[in-house]
Amino acid sequence: MNKVNNLEITSFSPKDTQSIGKIIGQTAKPGQVYLLTGNIGAGKTCLVQGILWGLDNPDYVRSPTFIIATEYPGKIPLFHIDLYRINPPFSTEELGINEYLYGNGITVIEWAEKAPHLFNDDHMHININIFEKENQRNIYFSYSSEIYASTINDLIILNNNNNEMDVHGTTH
């Protein structure tokens, strides 16, 4: 049986986007890295909010734009990194984010497209696009490491339980 390596989900509201994030948080394992891309206002921070809730932390996520990284405690710590205000080229050492990557928590990096050279292939890439309709988002997931397969499978199950979401997957 082929495994789904790419998945597209259409979110119709911030609540949908948070629900998707919550599944990611519930299936997250220490050391996982999620690279988020998308325009301003696409819903990256909204997705991170759901991830935090999926990690059983009821706090509200603040965009770490001005401080680069925010750490949230929980059953697995969440390291939320935002590269929006950072101008390449730079290294993980220069940014001070080495200790967050592939460690004892999960790391979510907004604006990861600013530094693709910093991350190995062991991550899930999540791209969020704003659709024509207000609040509608197309969220694209891709990964190459099998440690993310259970997340994709759980997102497919979420779709099967929610008739309003639209999911399409491909295999490689």
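Residues numbered from 1 in each chain as written. Predicted model: local features only at pLDDT ≥ 70, side-chain atom pairs only at ≥ 80, totals over all residues. Heavy atoms only, no water.

Here's the deal with the overall build of the protein chain
We count it as follows: Strands are runs of DSSP state E lasting at least 2 residues, helices are runs of H or I lasting at least 4, and numbering of each runs from the N terminus. Note on classification: 1.4 Å probe, protein chains only; a residue is buried when its accessible area is under 20% of the maximum for its type, exposed when over 50%, partly exposed between these limits. Two residues form a contact once any of their heavy atoms are found within 4.5 Å.
Scanning the protein chain for helices and strands turns up four helices and eight strands. Sequence-ordered secondary structure for the protein chain, helices as α and strands as β, is β-α-β-α-β-β-α-β-β-β-α-β. Each of the 172 residues in the protein chain was classed as buried or not, and the buried ones make up 52%. Taking all contacts inside the protein chain whose residues are at least 6 apart in sequence as the whole, residues at least 24 apart take part in 67%.

So, the packing of aromatic side chains
To keep it simple, the criterion reads: The rule is short: rings of Phe, Tyr and Trp, with Trp giving its six-membered ring, pair when the centres are within 6.5 Å, and they are stacked under 30 degrees, edge-to-face over 60, tilted in between. Both a distance and an angle decide whether a charge sits over a ring: NZ of Lys or CZ of Arg must be within 6 Å of the ring centre and within 35 degrees of the ring normal.
Summed over the entire model, instances satisfying the criterion amount to four aromatic pairs. A centroid spacing of 5.5 Å and a plane angle of 85° characterise the contact between Tyr34 and Tyr148, whose relative ring orientation is edge-to-face. Linking Tyr34 in strand β2 (residues 33–38) with Tyr148 in the loop between β7 (137–143) and α4 (149–161), this pair joins segments that are 114 residues apart in sequence. Judged by relative accessible area, which is 0%, Tyr34 ranks as buried. Here Tyr148 falls in the buried class, since its relative accessible area comes to 0%. Three or more aromatic residues joined by ring pairs form one cluster here, namely Tyr34, Tyr143 and Tyr148. Sitting above the plane of the Trp111 ring, Lys44 keeps its charged end 4.1 Å from the centroid.

Overview of the pattern of salt bridges
When their charged atoms lie close together, side chains carrying opposite charge are able to pair. Our working rule: For this document, the term salt bridge refers to a Lys or Arg side-chain nitrogen within 4 Å of an Asp or Glu carboxyl oxygen.
Applying the stated rule across the entire model yields one salt bridge. The salt bridge involving Lys75 is made with Asp56; its shortest N-O contact spans 3.8 Å. One end of the pair, Lys75, is in the loop between β3 (69–72) and β4 (78–82); the other, Asp56, is in the loop between α2 (44–54) and β3, with 19 residues separating them in the sequence. Take Lys75 and Asp56: they sit in the same class, and that class is exposed.

A closer look at unusual backbone geometry
Of note in the backbone geometry, Asp56 takes a positive phi value of approximately 65° without being a glycine. Positive phi, normally seen in glycine, also occurs at Trp111, with a value near 65°. Position of Trp111 among the secondary structure elements: in the loop between β5 (106–110) and β6 (124–130). Classification of Trp111 by relative accessible area gives buried; the value is 13%.

As for the environment of Leu78
Mapping Leu78 onto the fold places it in strand β4. Using a relative accessible area of 0% as the deciding quantity, one classes Leu78 as buried. Through-space distance from the C-alpha of Leu78 to that of Gly105 is 5.7 Å; in sequence the pair is 27 residues apart.

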